[in-house]
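Chain by chain, the residues:
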Amino acid sequence: MKITLLLPDTKVGGAQNVLLRLSNEFVLHHSVTVLCLSSTGNLHKAAPDGLRFQFLSSRKRLRVSDVFKVFLALVSYMRSNPDAAILSTGTGTNILACA
């Protein structure tokens, strides 16, 4: 099974820590990719082996004008991985995941 975890960034925080803990178990039996809206943070350095990170924007801080670009990048990812289950946290990432 393909699992995609959608995060706003890789800064250390509650939602990020929960998804990282889940990924520790998921990666043992599944293909797991973490999609980050921005490249802020370094939590990905503590990720388990086999966990892939993909940044939808190279910006550290997203501007309003970047939201549409990030949305298109997410749509492109999902079209390339139609069978992937998505887990997200936070209002912004949940709205993007549903769109």
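Everything numeric in this text was worked out from a predicted model, so none of it was measured.

Below, the discussion takes up the overall build of the chain. From N to C terminus, the chain includes three helices and four strands. For the chain, the sequential pattern of α-helices and β-strands runs β-α-β-β-α-β-α. Over its C-alpha trace the chain gives a radius of gyration of 13 Å, about what one expects of a compact globule, namely 13 Å for 99 residues. Seen along its three principal axes, the alpha-carbon backbone of the chain occupies a region of about 35 × 30 × 20 Å. For the chain, the proportion of contacts with a sequence separation of at least 24, taken over those separated by at least 6, is 57%. Put simply, the chain shows about 5,900 Å² of open surface, and 57% of that area lies on carbon and sulfur atoms. For the chain, the centre of its 11 positive side-chain charges and the centre of its 5 negative side-chain charges are spaced 10 Å apart.

What follows is about the side chain of threonine 33. By the secondary structure assignment, threonine 33 is in strand β2 (residues 31-36). Those residues in contact with threonine 33 that lie beyond four places of it in its chain are Ile3, Thr4, Leu5, Arg52, Gln54 and Tyr77.

Counted by the stated rule, this structure contains two aromatic pairs. A ring pair is formed by phenylalanine 53 and phenylalanine 55, whose centres lie 6.4 Å apart and whose planes are at 20 degrees; its orientation type is stacked. The class for phenylalanine 53 is partly exposed, based on a relative accessible area of 25%.

Definitions and limits used
Residues numbered from 1 in each chain as written. Predicted model: local features only at pLDDT ≥ 70, side-chain atom pairs only at ≥ 80, totals over all residues. Heavy atoms only, no water. Helix = DSSP H or I, 4+ residues; strand = E, 2+ residues; numbered from the N terminus. Rg over C-alpha atoms; globule rule 2.2 N^0.38 Å. Contact = heavy atoms within 4.5 Å. Areas by Shrake-Rupley, 256 points an atom, 1.4 Å probe, with all protein chains shown as cover. Lys, Arg positive; Asp, Glu negative; His and termini not counted. Charge placed at Lys NZ, Arg CZ, Asp CG, Glu CD. Phe/Tyr/Trp six-rings, centres within 6.5 Å; stacked < 30°, edge-to-face > 60°. Buried < 20%, exposed > 50% of the residue type's maximum accessible area, 1.4 Å probe, protein only.

None of the figures reported here should be taken as evidence of function without further support.
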